[in-house]
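These are the residues of each chain, in order.
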Amino acid sequence: QVQLVESGGGLVQPGGSLRLSCAASGFISSMNVMGWYRQAPGKGRELVATMTEGGSTNYADSAKGRFTISRDNAKNTVYLQMNSLKPEDTAVYYCNAWNYYGAGYWGKGILVTVSS
């Protein structure tokens, strides 16, 4: 059974940085797309950024210029470097992955709080 485990969240001041990590385990095939979504209090889940195994990226407008997604394909791990954080970035961040057979997986989520 595939598991996605997020780490690296926490409390940070506005303007600060955090790096999220997500490691996939229990898989028998490589992950095609890995990425991050988030859900702020009272709002729906939204895309933050995704990256294919080949390196193509997709960012939400809110993440462009501040967040950077990267992957270690050998480890099936995806990272999200978040800089210049704003209070509106406060949310639960979820790791997401899709394999080449069309199966999708979600992590349990990790809280990021941006506050002074």
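Residues numbered from 1 in each chain as written. Predicted model: local features only at pLDDT ≥ 70, side-chain atom pairs only at ≥ 80, totals over all residues. Heavy atoms only, no water.

Quick look at the overall build of the chain now. Looking only at helices and strands, the chain has 0 helices and 11 strands in total. Along the chain, helices and strands appear, N-terminal first, in the series β-β-β-β-β-β-β-β-β-β-β. For 116 residues, the compact-globule estimate of 2.2 N^0.38 gives 13 Å, and the C-alpha radius of gyration of the chain, at 14 Å, lies within 12% of that figure. On the principal axes, the C-alpha backbone points of the chain span a range of 45 × 25 × 25 Å. Counting every position in the chain, which comprises 116 residues, the buried fraction comes to 41%. Across the chain, the fraction of contacts at a sequence separation of at least 24, relative to all contacts at a separation of at least 6, is 53%. Computed over 10 positive and 7 negative side-chain charges, the separation of the two mean positions in the chain equals 2 Å. (Helix = DSSP H or I, 4+ residues; strand = E, 2+ residues; numbered from the N terminus. Rg over C-alpha atoms; globule rule 2.2 N^0.38 Å. Buried < 20%, exposed > 50% of the residue type's maximum accessible area, 1.4 Å probe, protein only. Contact = heavy atoms within 4.5 Å. Lys, Arg positive; Asp, Glu negative; His and termini not counted. Charge placed at Lys NZ, Arg CZ, Asp CG, Glu CD.)

Bringing the nonpolar core into the picture now. Judged by nonpolar contacts, the single largest core of 29 residues is most densely connected at Trp36, Leu80, Met82 and Tyr93. Those elements that provide at least two residues to this core are strand 3 (18–25), strand 4 (31–39), strand 5 (45–52), strand 7 (67–72), strand 8 (77–82), strand 9 (91–99) and strand 11 (110–114). (Core = buried A, V, L, I, M, F, W, Y, C linked by side-chain atoms within 4.5 Å.)

Okay, the state of the cysteines next. Following the criterion strictly, the structure yields 1 disulfide and no others. Across the disulfide from cysteine 22 sits cysteine 95; the S-S distance is 2.0 Å. Residues cysteine 22 and cysteine 95 are joined through a disulfide that is left-handed, its torsion about the S-S bond being -85°. Here the residue cysteine 22 occupies a position in strand 3, and cysteine 95 occupies one in strand 9, the gap between them amounting to 73 residues. With respect to class, cysteine 22 is no different from cysteine 95; both count as buried. (Disulfide = S-S within 2.5 Å.)

What the rule picks out here adds up to 4 salt bridges. Salt-bridge contacts for arginine 38 lead to aspartate 89; the nearest nitrogen and oxygen are separated by 2.9 Å. Of the two residues, arginine 38 sits in strand 4 while aspartate 89 sits in the loop between strand 8 and strand 9, which places them 51 residues apart along the sequence. Classification of arginine 38 by relative accessible area gives buried; the value is 6%. Owing to a relative accessible area of 0%, aspartate 89 belongs among the buried residues under this scheme. Aspartate 89 is paired through a salt bridge with arginine 66; the nearest N and O atoms lie 2.7 Å apart. Here arginine 66 lies in the loop between strand 6 (57–59) and strand 7 and aspartate 89 lies in the loop between strand 8 and strand 9, a separation of 23 residues in the sequence. What you see here is one network of salt bridges that share partners, running through Arg38, Glu46, Arg66 and Asp89. (Salt bridge = Lys/Arg side-chain N within 4 Å of Asp/Glu carboxyl O.)

Let us now look at the environment of threonine 50. Considering the arrangement of structural elements, one finds threonine 50 in strand 5. Using a relative accessible area of 13% as the deciding quantity, one classes threonine 50 as buried. Along the backbone, threonine 50 and leucine 80 are 30 residues apart, and their C-alpha atoms lie at a distance of 9.6 Å.

With that settled, the discussion passes to the packing of aromatic side chains. Under the criterion given, the structure shown has 2 aromatic pairs. Pairing tyrosine 37 with tryptophan 106 gives two aromatic rings, centres 5.1 Å apart and planes at 70°, and the pair type is edge-to-face. Taken together, the residues span a long stretch of sequence, with tyrosine 37 in strand 4 and tryptophan 106 in strand 10 (residues 104–106) at a distance of 69 residues. A network of ring pairs unites the aromatic residues Tyr37, Tyr94 and Trp106 as a single cluster. When the ring centre of tyrosine 79 is taken as origin, the NZ or CZ atom of arginine 19, which lies over that ring, is 4.1 Å away. Cation over ring: arginine 45 sits above tryptophan 106, and NZ or CZ is 4.6 Å from the ring centre. (Phe/Tyr/Trp six-rings, centres within 6.5 Å; stacked < 30°, edge-to-face > 60°. Lys NZ or Arg CZ within 6 Å of the ring centre and 35° of its normal.)

Honestly, that's just the spatial picture; any functional story needs more than this.
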